Each structure stands twice: as C-alpha cells, then as structure tokens.
Amino acid sequence: LHEDGLADMADGFGGGQTVEKKLAIMRDSRIGAYGVMALVMVLAAKVGAVADLSDIGVVMSGLICAAAASRAAMPAMMCWLPAARPDGLGAEAGRPSSEHVWTGIIIAVILSVILLTWSGLIALLIAALGTFAVGLLARRQIRGHTGNVLGGAQQISEHLLLLALAAVRCMH
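Residues numbered from 1 in each chain as written. Predicted model: local features only at pLDDT ≥ 70, side-chain atom pairs only at ≥ 80, totals over all residues. Heavy atoms only, no water.

A. Inspection of the overall build of the chain at higher detail. Along its length, the chain carries seven helices and zero strands. Helices and strands appear in the chain in the N-to-C order α-α-α-α-α-α-α. In terms of overall dimensions, the chain is globule-like: its C-alpha atoms have a radius of gyration of 16 Å, near the 16 Å expected for 172 residues. With the principal axes as the frame, the chain shows a C-alpha extent of 45 × 35 × 20 Å. A sequence separation of at least 24 residues applies to 76% of the contacts in the chain between residues at least 6 apart. A total of about 8,700 Å² of accessible surface is found on the chain, and carbon and sulfur atoms cover 69% of it. Taken as two groups, the 12 positive and 12 negative side-chain charges of the chain have centres that lie 8 Å from each other. (Helix = DSSP H or I, 4+ residues; strand = E, 2+ residues; numbered from the N terminus. Rg over C-alpha atoms; globule rule 2.2 N^0.38 Å. Contact = heavy atoms within 4.5 Å. Areas by Shrake-Rupley, 256 points an atom, 1.4 Å probe, with all protein chains shown as cover. Lys, Arg positive; Asp, Glu negative; His and termini not counted. Charge placed at Lys NZ, Arg CZ, Asp CG, Glu CD.)

Printed below as a string of structure tokens:
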C-alpha cells in the first residue's frame, strides 16, 4: 500500500503541471514512468542497504527501527500539513492529536537508541529530515498531504533510515 503511494506521488509530482492535474494523476490507479522509477530506485536502495548490514542482528534491528520511524512519520505529517483535498484517505483519516504524534516519535527514538545505539539515532535523524523534505515538497506541489503523500513519506523515511544506518555502520 505504501509503495503504491510512493509511485502515485512520484507520478503526480512529476507529471502534473497544476495542483488539480497532480491530484488527478495521484488518484489514477495506473502507474506511470515516474512511479516505476521511484519504486525501482527506492526498493533497490533498500536491498543494497540491508545487504551492507552484514550482521543479522543489525539487519533485524534496522528493519524494526525503520518500520517504527517510518510509521511515526505519517501521523507527524498529518498533524503538520493540511489535507490537500477534502476527500480521499488522507483527509478521511483526520488529524491526529499531538500526543499521539509524540508517542510514535518517542517509540521510534527509544527503539533506535536501544537496538542500534548512536548509529540508530543518526539514521533516525536523517530519516526525519527526509520526511520533512517530503512534507515541504508536498506543500509546494499540492499544498498539503494526501494518502499517497503519506505512503510516499513512509517509504522514503524507511529507505533513508536503512541507507543512513548502512553508511554509518560502514564508517566504523
């Protein structure tokens, strides 16, 4: 589901000239060239990052932390950005309370520190910056979030955490 959101977000942001056209492209169930390229690049990068994590314990810990961090990114984005349209999954989900947003973030931080120590914290910060960048892009492209943007942010956050973790672990 989140991979589909990434593909739809890439198609809409890459293929539409107006906000309305971007939103229409994102709502279309067919995948386009931008979506295919985004999926291939993100999935290949995730596989490469996991392959660079030679220890199975680090792989499992990294996947757990990436899942937690990327899922915490979605309610944070829902709280920070308005819905880009009044209908659709993003709008229907509503706006989570800041208490729930912080709970997700705190869980991701605790897991990252416990399971991956300082390298997990660095990777988490890079993933958070990636989520922030997706949010800025969504604000610029369509003036808010949609379900596709949330799914795309989840995928990009997960991918960046794994890439950053692999990079940090390779440095020492």
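There's more to say after this.
B. Focus on the pattern of salt bridges. With the rule as written, the count across this model stands at four salt bridges. Linking Arg-27 and Asp-87 is a salt bridge whose minimum nitrogen-to-oxygen distance equals 3.2 Å. Residue Arg-27 is found in helix H2 (residues 19-27), and its partner Asp-87 is found in the loop between helix H4 (56-80) and helix H5 (89-92); the two are separated by 60 residues along the sequence. Members of the salt-bridge network, linked through shared partners, are Lys-46, Arg-71 and Glu-158. (Salt bridge = Lys/Arg side-chain N within 4 Å of Asp/Glu carboxyl O.)

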